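# An overview of the molecular structure
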Amino acid sequence: MHSPRRSHHLFMNILVLVKPVPDPEREKDIKVDVASGRLIREGIPMVIDPESRNALEAALQLAEKSGREQSAVAVLAMAPEQARDKLTEALAMGADEAYMLSDRAFGGADTFATSYTLAQAVRKIEDEKGFVFDLVLAGTSSSDGGTSHVAVQTAEWLGRTHISNVCSLDVNDGVVRAVKRSEEVMLSFEGEEPAVIGVTRDINRPRFVTAMGIIKARKRPLTLWSADDLEIDTMRTGLVGSPTRPGRMFEPEQKRAGETIGDTPEEAAAGILRIIRKAGL
Amino acid sequence: MKAENVRKILIFDQGDPVAIQLLAKAEEVFGDGPEYVVLRARGTHNLALTMMEENIRGEEPELVLIGATALGEEIAPALGVRFETGVAAHCVDIRVNEEGRLAYVIPAFGGRAVGEIFIPDAAAGRPAIATVKPGMFPEPADAGNCDDYAGQRCRIIDVDAMAADGEISHGSKAQGAFRMVEVSPREHPAGNIADADIIVCGGYGLGSEEVWRKLEKLAEKLGGAAACTRAALDAGWGCAEESMIGTSGRAVRPKVYIGFGISGAAHHTCGIAGADTIISINSDGDAEIFAASDYKGVFDAEKVIDALLREIG
Amino acid sequence: MDFNFTEEQVMLREAFAQFAKEEIAPYAAKWDEEDYVPMEIVPKLGEMGIMGVFVPEQYGGVGLGHVERCIALEEVARYSAGLAMMVFTHHLGLAAILDYGTEEQKQKWLPGMCDGSCVCGLAVTEPGGGSDVAGLKTVAELEGDTWTINGRKCFITNSHCAGVTVVTCRTGEDEKGRPLMSTIAIEAGTEGFKPGREENKMGLKGSYTGELIMDNVKVPVSNTVGEPGKGMAITMKELGEVGRASMAAIELGILRACLEDAVAFAKERVLYGKPLSKLQAIQFNIAEIRCDYEASRLMLYNAAAMKDAGKVGAEFSMAKYFTSEAAVRSARRLIEIMGGYGFVNEYPAGRYLRDAIGCVPSCGTSEIQKMIVAGETLKKF
C-alpha cells in the first residue's frame, strides 16, 4: 500500500492532467439550439483550460526546484485528435513528454468514465517507466464542465490521496507541502506519498509559451493512445460507462422588470435608498 | 431513477447552513414519502468521507445530498467512484420531470448554459449524489434552530457526538496519507456575504482600485457586505476571493443586491438569481445585466456611488 | 500553393499574441500619452524569443526565419507600433552583424542582443538628408588599427538605449571619385559618442528617436562590420530586406488593430435602434479595411517567405509601399466609423493614424519605394 519514501532521490516525476476546452474568453458566443437542446460551439477555438495551465506551471516550478535535469514533467489528456496541438503547446510550455488518449469509445464520457480512463493511462505510463509519479497535478475545476470531480475521482481509481483547492504547493527535501483553501480556514498538509492534487487559479501565474519552447517541443515525444493501447474495460469508458446521462440544455431564464431607477445619478442614489428602506433595512 | 422510488435521502451536515437548505428542498421535491437522514460531522471533517461511506452502506439511501463547499466537493466525487454512481455537481435545481424521473439541473460553461442530467441506475445503496452550492436553495421560513433540527422530521447520525464519546477514533488529522500540519484562519471568512441582507457588488466597470475602495465604504455604511465579480477579482483591486459571486464563487440570497459596473456575464447572474431585489448600475445601456435586474440605472458607477455616499453622509 | 502558416507558425503567432495581450496591450495607450519608453519589457521580449527570433541557435537565437520575425513584429505592433519600432531597429542592426560580421563579432554581441540585455541600433540618416544615402557626411578615418569617426545622425531609433549601434560612415572614394562607405559598430559609452536631442514625435511613441553625435570617436578596426568600402551595399541590403519588411509588418499590425477595433465598435454601438454593423456604409468601410489587410498580409509574408527561401527582389518595397498607404487609409476609416469616439484620446484610433503616418517615411518614403519598384518592373516586364 505504501510506496517507498523518496529518500534516495530528491528530484520529482510529475504528471499533469490537462484539458483542452473551448476558449472561456469566448463563452458568450456559445449558444444553445432551443429545438434540439444541444450546445453550439462551432467556431470557438480550443485552448488549454486555464487551471490546467496553472497545474502545469506548478509542476514545472516543483521540477525546477528539485533539479530540472533529473526531474520529469509529463502531460496527459483525454481529447479528440484535433486537440493534439494543445498538447504540443504543453510541450512548448516546458513539459518533457505528452500523452493523448483519443478514441470514439471515449466520447460522451462523464467525470466517472473520464477519470477511469485517465487512471488506466496513468497506470500504463507508470508501468512503462517503472516508477510511480510523485504527484499527479490537475486544475481543481475546468471552465467548461466545472464539476471539480476529475482530480478527486482519478485519485480514487488510483487509490491515492487527493487534495483539491490547493492554492500553494512546495517541496523541501522530498516533503510536499500543500495549502488547501476552504471557506473558513487555510489547511496545510505535508506528505511524501504519491498524491493527486487539484490546484486553483491563484496558485501561480503560468509562464508564456516562448519561441524557444516551441522549437524544443519539436523533439519532445507526443504519444497517441486509443482504447486498444490501454488495458481498459471499454464498457466503463465514454457514454456507455457514464452513470450520469445528459438531457436537454437551455439558456438560463432570468427575466426581471428592468425598471429605470432615475434620470440622474442623484436620483438613482435616492431611489436605491428608498428601496433599501422599503425592504426594512 | 423515478422520484417515487426514493425511499431514503441522506444529507451531509458539515456545519454550513447548506444542510438545512438541502433538507428543505428535498422536502419540497419529495414530500412526506422518504425518510430523511442527516449525518452530522461538523467538527470531524477528516472523518467525513469514511463516515459517509460507512453510513451509505449501512443506510442504503437512494439519494445523497451534499453542500458544494471545499469539503463537499471532495467527498461527493470520491463517493461517486466508491459506489460507482453518478454525481450531479453544483445543481441549480433538482426536480421531477413529466415522466416522474428525477432530474438535476447543472450549469455548464460557467453558467452560460444549464442542462438537465439524469442518474438512471441509482438505487438503494448505490445512491445518486448531488451537490449544491450554499445559498442556491432558500432556507425554510420555519428553519428554527438549525443546530439540533428541532421541529424538522429527520433522523440524525451524530458523528461529532460519537467521536467525542470515543466511539470512533479521530486518528491524526490527515487527508489520506498527508498529515495536517497547520490550520490558519482566513482574513475574510466566507460568512460575510453569505448572510448579508444587503450586498453591494463591484464589477470590472468600476475601473480602478480607488472606486473599489469607495464601494467597500458604501457597503459598510449601508450595513451590508461588499462583493465582486470574477473580472473585478482578477483586476487585483483588493477584493477577496471568498467575496466573489459566480458559479465558481458563491451564490447569494440577499434582500437587496446592488451591482456597480457589472456587465452580466452568465456565471455572475447565476449567483444572484436568489436575491429579492436586484438593482444594477452600468454606463453601458446594452449591458446584459439589465435583463436580469429589477431596477436599472445607465450611469457611471462611480457617480452613483459618490451620490450615495453624499446622501448617507 | 499553401498560403497558410504551418502549425508551428500558428503556435508561434498565438504565443506572441498572448504575450502582447498581457504585457503590451494594457499599457500601450499610457506609453503613447506619456511618451514613455518601456525598457523594462526588453528582457521579457528576449525571453519570448522576439529579440533574436531569426538568429541561429548557436548565437543564442531561436533559429527561425524572417516569416517568423514578421509575425513577431505584427503581433507587437498590433498593440504598440511604437514599441515595435524599437524591436525592428534592433533587428536591423543585428541583421547587419549577423549577415556581414566576423565570427568574433557575432560571438561577442549576438547573445546579449538575443536575450534582451543589449539593444542594437542602425544609424544612417543625417541632417543633410535621409533619402540621399550617398550624400552622407559622417566620416571615419583609419589610422593604423583605429577608426576616428566624426559626424551627426538624426531620426535614429534606439538612439538613447542601444548598447551597440552600427553606423554608416564615409570612409573613402573609389577611382571615379564616388564615395565609399563602411558600416562600423560603436558601443554605447565610447568616448565622444553620445545621443543628442530626443525628438518629440507625433506618433510611434514607446521608442527613442533622436540624434547621435560622433565627436572624434575612436573604435578599433575590428569593429568594422563587413568589408570596409562595402558599407553602401550592406546598408541598402539590410534596409531593403530587413528594414522595409519590418515597416510592412508594423503597418500590418496597425491594420489589424484598425480591423479588429472597427468590427468590435460596429457590433457594439447602437444607432437608429440597431448596431452600426447593420448599416451598409459602415459595412463597406469595414470591407475596405479587410481587403487592405488581407492584401497587405499576403504581400508581406510572400516576400518574407521568398527571403527565407534564398532570394527576394522588390517584393519588400512593394509590400512596404502598399501596406503603409493602406494602414493610413484604414486608420482614417476607423476614425470615421467611430465618429466622435474616433477623435477622443480615450480610444486608440487617433494613435493608429499617427503611428501609421510615421511609418511612411521610415526605411524609404513611398516615392523611394516606387522608384525601386519601377526600376525592377521596367526590367522584368
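Residues numbered from 1 in each chain as written. Chains lettered and ligands numbered in written order. Predicted model: local features only at pLDDT ≥ 70, side-chain atom pairs only at ≥ 80, totals over all residues. Heavy atoms only, no water.

## Focus on the overall build of chain A
For chain A, the count of helices and strands is six helices and 15 strands. Principal-axis analysis of the C-alpha atoms gives chain A an extent of 70 × 45 × 40 Å. Looking at chain A as a whole, 58% of its 281 residues qualify as buried. Contacts in chain A between residues far apart in sequence, at least 24 positions, make up 73% of those at least 6 positions apart. Put simply, chain A shows about 12300 Å² of open surface, and 49% of that area lies on carbon and sulfur atoms. (Helix = DSSP H or I, 4+ residues; strand = E, 2+ residues; numbered from the N terminus. Buried < 20%, exposed > 50% of the residue type's maximum accessible area, 1.4 Å probe, protein only. Contact = heavy atoms within 4.5 Å. Areas by Shrake-Rupley, 256 points an atom, 1.4 Å probe, with all protein chains shown as cover.)

## Focus on the overall build of chain C
Within chain C, the secondary structure is distributed over 12 helices and 10 strands. What you see for chain C is a C-alpha radius of gyration of 21 Å, in line with the 21 Å of a compact globule of 381 residues. Taking the principal axes of its C-alpha atoms as reference, chain C extends roughly 80 × 50 × 40 Å. Looking at chain C as a whole, 55% of its 381 residues qualify as buried. Considering only intrachain contacts with a sequence separation of at least 6, the fraction spanning at least 24 residues in chain C is 74%. For chain C, the accessible area works out to roughly 16600 Å², and carbon and sulfur atoms hold 53% of it. (Rg over C-alpha atoms; globule rule 2.2 N^0.38 Å.)

## Some remarks on the sheet that holds strand β4 (residues 87-88) of chain B
All names here are of chain B. Here we have six strands laid out as an open sheet, ordered β4-β8-β3-β1-β2-β9, and parallel in their pairing. The open sheet has two edge strands, β4 and β9 (155-158), and neither has a second partner. Where strand β1 (residues 8-13) and strand β3 (residues 63-67) come together, four bridges link them in parallel fashion. Bridge pairing in β3 links Phe12 to Ile66. Helix α2 (residues 48-59) contacts β1, β2 (35-40), β3 and β9 of the sheet and is inclined by roughly 165° relative to β1. (Pairing = 2+ DSSP bridges. Axes fitted to C-alpha atoms, helices over the stretch in contact; angles between N-to-C directions.)

## Observations regarding the interface of chain A and chain B
Contacts between chain A and chain B engage 76 residues on the former and 85 residues on the latter. Carbon and sulfur atoms supply 61% of the area buried between chain A and chain B, which totals about 7000 Å² over both sides. If you sort the residues of chain A by the area they bury against chain B, A:Glu183, A:Gln254 and A:Arg256 come out on top, with a joint share of 11%. At the surface where chain A touches chain B, the tally comes to eight salt bridges. Its salt-bridge partner being A:Arg256, residue B:Asp294 comes within 2.7 Å of it at the nearest N-O pair. Linking chain A to chain B there are 29 residue pairs in polar contact (both at pLDDT 80 or more). Listed by contribution, the elements that provide at least two residues to the side of chain A that touches chain B are α4 (150-158), β9 (161-172), β10 (175-181), β11 (185-191), β14 (245-250), β15 (259-260) and α6 (265-278) of chain A. (Buried area = accessible area lost by both parts, 1.4 Å probe. Salt bridge = Lys/Arg side-chain N within 4 Å of Asp/Glu carboxyl O. Polar contact = N/O pair within 3.5 Å; in protein donor to acceptor, adjacent residues only side chain to side chain.)

## Focus: the pattern of salt bridges
Tallied over the full model, the rule gives 64 salt bridges over all chains. With its nearest N and O atoms 2.8 Å apart, the salt bridge here joins B:Glu74 to A:Lys180. Of this pair, B:Glu74 sits in helix α3 (residues 70-82) while A:Lys180 sits in strand β10, on two different chains. Owing to a relative accessible area of 4%, B:Glu74 belongs among the buried residues under this scheme. The partner of B:Arg230 in a salt bridge is B:Asp234, with the nearest N and O atoms 3.4 Å apart. One end of the pair is B:Arg230 and the other is B:Asp234, both in helix α7 (residues 230-234) and four residues apart, which spans about a single turn. By relative accessible area, B:Arg230 is classed as buried at 16%.

## Topic: the domain arrangement of chain C
Residues and elements named next belong to chain C. Structurally, chain C comprises domain 1 (7-118), domain 2 (122-231) and domain 3 (233-380). When each unit is reduced to the centre of its C-alpha atoms, the spacing between domain 1 and domain 2 is 23 Å. Each side of the interface is counted separately: domain 1 has 26 residues, and domain 2 has 20 residues. Between domain 1 and domain 2 the total buried area reaches about 1900 Å² when both faces are included, carbon and sulfur atoms providing 64% of it. Three residues, Asp35, Val37 and Trp109, lead the burial of domain 1 against domain 2; their summed loss comes to 26% of the area buried on that side. (Domains from an automatic or database assignment.)

## Let's talk about α2(B)
All names here are of chain B. Compared with an ideal rise of 1.5 Å per residue, which puts 12 residues at 16 Å, α2 spans 16 Å between its outermost C-alpha atoms and is within 8% of the ideal. Burial in α2 covers these residues: Ala48, Leu49, Met51, Met52, Glu53, Asn55, Ile56 and Glu59. In the segment just after α2, Glu60 is the residue with positive phi, at about 55°. (Expected span 1.5 Å × (residues − 1).)

## Here we look at the environment of A:Arg201
With respect to the element layout, A:Arg201 can be found in the loop between β12 (195-199) and α5 (211-217). Using a relative accessible area of 36% as the deciding quantity, one classes A:Arg201 as partly exposed. In this structure, the C-alpha to C-alpha distance between A:Arg201 and A:Ser52, residues 149 residues apart in sequence, is 9.0 Å. With near-sequence residues (within four places) excluded, A:Arg201 lies in contact with A:Glu51, A:Asn54, B:Arg230 and B:Asp234.

## What to know about the pairing of strand β7 (residues 113-118) of chain B
Most of β7(B) is tucked away: six of the six residues are buried. What you see with β7(B) is no split at all: B:Ala113, B:Gly115 and B:Ile117 on one side and B:Val114, B:Glu116 and B:Phe118 on the other are buried throughout. With four bridges connecting them, β14(A) and β7(B) associate as antiparallel partners. The partner of A:Arg245 across the bridge, within β7(B), is B:Phe118. Note that strand β6 (residues 102-108) of chain B and β7(B) share five bridges and pair antiparallel. When the bridges of β7(B) are listed, B:Val105 appears paired with B:Glu116. Where β6(B) folds back on β7(B), the antiparallel hairpin that results is connected by four residues, among which B:Phe109 adopts a positive phi of roughly 50°.

## Examining unusual backbone geometry
For A:Asp173, which is not glycine, the phi dihedral falls at a positive 50°. By the element assignment, A:Asp173 lies in the loop between β9 and β10. A:Asp173 gets classed as exposed once you look at its relative accessible area, which sits at 70%. Notably, C:Phe155 is not glycine yet its phi reads approximately 55°, a positive angle.

## So, the confidence of the model for chain C
Interpretation of the predicted coordinates at a detailed level should be avoided for regions scoring low in pLDDT. Mean pLDDT for chain C: 95, with 100% of residues reaching 70 or above. In the predicted assembly, ipTM is 0.89 and pTM is 0.89. (pLDDT = per-residue confidence, 0-100.)

## A word on the sheet that holds strand β10 (residues 174-175) of chain B
The strand order across the open sheet formed by 11 strands is β13(A)-β7(A)-β6(A)-β1(A)-β8(A)-β12(A)-β9(A)-β10(A)-β11(A)-β11(B)-β10(B), and the pairing between neighbours is mixed. For this open sheet the edge positions go to β13 (222-225) of chain A together with β10 of chain B, each flanked by a neighbour on one side alone. Of the strands in this sheet, β6 (72-78), β7 (97-101) and β13 of chain A are in contact with helix α2 (residues 84-93) of chain A, which crosses β7(A) at around 160°.

## Quick notes on the environment of A:Asp49
Residue and element names in this part refer to chain A. Looking at the element boundaries, Asp49 is found in the loop between β5 (46-48) and α1 (50-67). Here the alpha-carbon distance between Asp49 and Pro22, two residues 27 residues apart in the chain, equals 8.1 Å. Here Asp49 is in contact with Lys19, Val21, Ser141, Ser142 and Ser143, once residues within four sequence places are set aside.

## Concerning the environment of A:Lys129
Mapped onto the fold, A:Lys129 is located in helix α3 (residues 111-129). Within the structure, A:Lys129 has its side chain in polar contact with the side chain of A:Glu97 (distance 2.6 Å).

## Looking at the packing of aromatic side chains
With the rule as written, the count across this model stands at 10 aromatic pairs over all chains. For the ring pair A:Phe131 and A:Phe133, a centre distance of 5.5 Å and an interplane angle of 80° mean the geometry is edge-to-face. Taking NZ or CZ as reference, C:Arg78 lies 4.4 Å from the ring centre of C:Tyr79, over its face. Directly above the aromatic system of C:Phe322 lies the positively charged group of C:Arg329, at a separation of 5.9 Å from the ring centroid. (Phe/Tyr/Trp six-rings, centres within 6.5 Å; stacked < 30°, edge-to-face > 60°. Lys NZ or Arg CZ within 6 Å of the ring centre and 35° of its normal.)

## A short note on helix α7 (residues 231-268) of chain C
Residue and element names in this part refer to chain C. An ideal rise of 1.5 Å per residue puts 56 Å on 38 residues; α7 measures up with 53 Å between its terminal C-alpha atoms. At Leu239, α7 shows its maximal bend, which comes to roughly 35°. For α7, the buried fraction is high: 29 of the 38 residues fall into the buried class. (Bend = angle between axes of the 7 residues up to and from the residue.)

## Observations concerning the confidence of the model for chain A
Averaged over all residues, the pLDDT of chain A is 90; the fraction at 70 or higher stands at 97%. Scored below 50 in pLDDT, residues 1-8 of chain A makes 10 contacts in the model with residues more than four places away or belonging to other chains.

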